[in-house]
Amino acid sequence: MNRSRTRAALGALCSVGLACLIWEGFARSGLFAPALAPSLTLIVSALGRMVLSGAMLWHALYTLYRVLFGFVLASAVGVFIGILMGRFRRVERFFVPLVSVLMPIPSLAWVPVFILWFGLGNAATIALVFYAATFPAIFNTWTGVRSVNRLWIRSAEAMGADERALFQKVVLPGSLPFVIAGLRQAFARAWIAVVGGEMIAATNWGLGWVIFDSKEFLNTDVMMASLAVIGIIGFTFERLIFQTIEQRTVSRWGMVKTVRG
Amino acid sequence: MRRALIPFVEAVLPFVVVGILWQAFALLGPFPPRLFPGVETIFSTFVRLVAKGILPIHALSTLLRLILAFSLAGLLGVALGIIMGRYRWAEDFFLPLTSIGNPIPGLAYAPLFVLWFGLGNLPAVLLVAFAAAFPIVLNTWTGVKAVKEIWIRAAQAMGAQDRQLFWKVVLPGALPYVLTGLRLGLARAWRVLVAVEMLTSVRLGLGWLIFGAREFLNTDVMLAGIAVIGLVGFLLEKLVFQKLEQLTLVRWGMMEA
Amino acid sequence: MHQIELRNIALEYASTENHVTALQDVSFSVEASEFLCVVGQSGCGKTTMLNIVAGFLKPTKGEILIGGKAVTGKGLDRGVVFQDFAQLFPWRTAQRNVEFGLEMKGISKEERAEIALRFLKLVNLEKFARSYPHELSGGMQQRVAIARALAYNPAVLLMDEPFAALDALTREEMQRFLVDVWRETKKTVIYVTHNVAEAVYLADRIIVFSPHPGTVKAQVKIALPRPRDTLSVEFLNYQKEVVYHIVERK
């Protein structure tokens, strides 16, 4: 088991290495100007420069602050509404049409409106992240509560569980796989929203803003370096945090098979 | 007759409630009407823009871009996913790259694509196709991998050769995943496209319409544009993909209705 | 000449930890139109043996002769029915499932439809030709699978616990039905099961496998007229004899 994991990691390293080599060959071939296709050495040195000067840390912290603020708020609201929808018919009937109309609107379509309402800066971006993350959280929680196996509810009732115990000990853990999947999806949406929002609505700080700003000065190396940081943070959340939570809980209960990829 | 009215009322009620809340906020809230127009202003702007043909032409060019980008992503994504599912070397090389690339927001590449391909349609379509391809590739690959061993054995026992195995068993067997991938890809393409239109300065497009309206504080135009965006997204989901699934997977019992 | 002959079949493989001998020195033969049942505890290698005969696995030693000729791979001379209902292709109707093997042979569309309908009729499912697998019950799905394995006219039918996942009543019905189909088509059948009563009910001859390593332990010829009475003393005696061979220690 462990051996196969190290092998997979090694294979991934090889393929990333190979892709880097191809890029390096392409960058040095002179087909594109170095300003447009910087070589790896340039990208790495830009990254190093920004990390050492502390600038990259601040950009990342601003982005993280915005995304986490919006995401936590959205999770709380989304899970709450989702549970109410799953438990009460009236709430369900009220929210389902709204959710199904609002969910397909790309969050970034709201950026110009939010800028007008909240001004440039943190508030607009956080509102955007909130909008992007709420709907997946609602939708998945609602699905999860509805899909709790009826047999579990019946047997808990037969064993004398009251409404409260039923909810805390059966409905909540039973819908957890969906809730976790929903939060995972919500974070992915939030991450997209924060980067896009920062490009359009942020001032001076944030990873999205750096990328957009460096376009003006053709700083492709800075752009690529920030892209790498965005990728690493996204990957960390997706793989290390959400996957670990999933493995600790629902996979251990055998409720979902963890599919890689 | 009254029975038939109830579901209709139930579907409309939430919108009426939200409309009233909106209206109350527009009248009593802190925002001037320019920034937070009432429902009647948004509606009349919507009608005016549709009548003048402004909204339809922007919507049409956005749709055209979407179709182009999505077809590109679908063709290349499914092809790559199948190759990854069938050949070890392709899987070893591409799987780590797609897994790492998948969580990076496609939009983050926008400035890069603008530098490479200039402003306008080309970077917009390429970027949207690029972003949409990831879920398509990953799901197609999973689907090819998940084709049941017993189907392959049964087909081999009945004399299926490699080619027949591929066309008659692997492809239909992987279809549920491929369709999921296409669906996710289309949703992603739609989300990215609207934002990309803001960043690559295309001449026509819903994203550009909204973004441009900001200069003149035309909040009513923006909200009318958002309404169209929501409508198109909703119709794409309902009309295109649910129909397709109904015709194949639900019919075959590979997915519940 | 025997219809099927296994000569000194052995299968060994190296797992991560140690060396496993799944089958050792398996030899037996089956006559044309004979119904042979293979019984044994789970893990005794009976399914592995069937997979080797079907050509899904290659033995490390020994050879298999069908109609006197040595075979190595898969072939249209053998039809296979698995235990899993999921063996049917969900994207094809019952009829199109049955047509699959004929399609591989390159038979024309009209002829395919005609043959498929004939075999669906044989399994009493001609009314369900246009149904998709998920619309059929488990027993019906297994009957389609049997029709599918018979349609391209293999000489041998290999069955791996095809009724194990069915409920008891349906299983009994399917057993009676299988005997009818077998008598009508005169196929040679190798039928793997762990259900002794089922084996005694179906078989002309029973081969008992023993595990670690899997090998043939005993053979019992069932000399009872058909249809068989499962409550008769003779039937129960045969059952006892087979069970005795299974549980007896070396």
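Just above, that's the structure.
Residues numbered from 1 in each chain as written. Chains lettered and ligands numbered in written order. Predicted model: local features only at pLDDT ≥ 70, side-chain atom pairs only at ≥ 80, totals over all residues. Heavy atoms only, no water.

Take the overall build of chain B next. The helix and strand tally for chain B stands at ten helices and zero strands. Going residue by residue from the N terminus, the α and β elements of chain B occur as α-α-α-α-α-α-α-α-α-α. In terms of C-alpha radius of gyration, chain B reaches 23 Å, well past the compact-globule figure of 18 Å for 257 residues. Along the longest, intermediate and shortest principal axes, the C-alpha atoms of chain B span 75 × 60 × 30 Å. Among the 257 residues that make up chain B, the fraction classed as buried is 52%. Per element, the accessible surface of chain B, about 12,300 Å² overall, is 71% carbon and sulfur. (Helix = DSSP H or I, 4+ residues; strand = E, 2+ residues; numbered from the N terminus. Rg over C-alpha atoms; globule rule 2.2 N^0.38 Å. Buried < 20%, exposed > 50% of the residue type's maximum accessible area, 1.4 Å probe, protein only. Areas by Shrake-Rupley, 256 points an atom, 1.4 Å probe, with all protein chains shown as cover.)

Okay, the pairing of strand β6 (residues 78-81) of chain C next. Residues and elements named next belong to chain C. On β6, burial covers both faces: Arg-78 and Val-80 on one face and Gly-79 and Val-81 on the other are all buried. Here β6 runs beside strand β7 (residues 156-160); their pairing, made up of four bridges, is parallel. Note on β7: the bridge partner recorded for Val-81 is Met-159. (Pairing = 2+ DSSP bridges.)

As a further point, take the packing of helix α9 (residues 207-216) of chain A against helix α5 (residues 110-117) of chain B. Running from amino to carboxyl end, α9(A) crosses α5(B) at an angle of 20°, the nearest separation of the two axes being 8 Å. Regarding the angle of α9(A) to α5(B), the classification is roughly parallel. At the point where α9(A) passes α5(B), the crossing takes the left-handed sense. Along the contact surface, α9(A) presents A:Ile211, A:Phe212 and A:Lys215, while α5(B) presents B:Pro111, B:Val114 and B:Leu115. Among the residues making up the contact of α9(A) with α5(B), the classes are represented as five nonpolar, no polar and one charged. (Axes fitted to C-alpha atoms, helices over the stretch in contact; angles between N-to-C directions. Parallel < 35°, antiparallel > 145°, perpendicular 65-115°, else oblique. Left-handed = near helix turned anticlockwise from the far one by under 90°. Contact = heavy atoms within 4.5 Å. Nonpolar A, V, L, I, M, F, W, Y, C, P; charged D, E, K, R; others polar.)

The structure contains two pairs of chains in contact, of which chains A and B account for the largest number of contacts. A gap remains between chain A and chain C, which never touch, and the nearest two C-alpha atoms on either side lie 11 Å apart.

This paragraph deals with the side chain of C:Arg205. Among the structural elements, C:Arg205 can be located in strand β9 (residues 205-210). Excluding residues within four positions of it along the chain, C:Arg205 makes contact with C:Ser29, C:Val30, C:Glu34, C:Phe35, C:Leu36, C:Cys37, C:Gln219, C:Val220, C:Lys221 and C:Ile222.

Inspection of the entire model under this criterion finds 19 salt bridges over all chains. Salt-bridge contacts for C:Arg96 lead to C:Glu103; the nearest nitrogen and oxygen are separated by 3.3 Å. Assessed through its relative accessible area of 34%, C:Arg96 is described here as partly exposed. For C:Arg112, the salt bridge goes to C:Glu99, with nearest N and O atoms at 3.4 Å. Separated by 13 residues along the polypeptide, C:Arg112 in helix α3 (residues 109-122) and C:Glu99 in helix α2 (residues 94-105) bring together distant segments of the chain. Through salt bridges that share partners, B:Lys168, C:Arg92, C:Arg96, C:Glu99, C:Glu103 and C:Arg112 make up one connected network. (Salt bridge = Lys/Arg side-chain N within 4 Å of Asp/Glu carboxyl O.)

Moving on, we come to the interface of chain A and chain B. Listed per partner, the contact involves 49 residues of chain A and 49 residues of chain B. Interface of chain A and chain B: buried area, both sides summed, is about 4,600 Å²; carbon and sulfur atoms make up 83% of it. At the junction of chain A with chain B, the criterion picks out zero salt bridges. Inspection of the chain A/chain B interface yields three residue pairs in polar contact (both at pLDDT 80 or more). Within the residue set of the side of chain A that touches chain B, elements represented by two or more residues are α1 (2-28), α4 (89-102), α5 (111-118), α8 (163-201), α9 and α10 (220-248) of chain A. With nine residues, α10(A) is the largest single contributor of residues to the side of chain A that touches chain B. Of the residues contributing to the side of chain A that touches chain B, the split by class is 36 nonpolar, eight polar and five charged. (Buried area = accessible area lost by both parts, 1.4 Å probe. Polar contact = N/O pair within 3.5 Å; in protein donor to acceptor, adjacent residues only side chain to side chain.)

What is shown is where atoms sit, not what they do.
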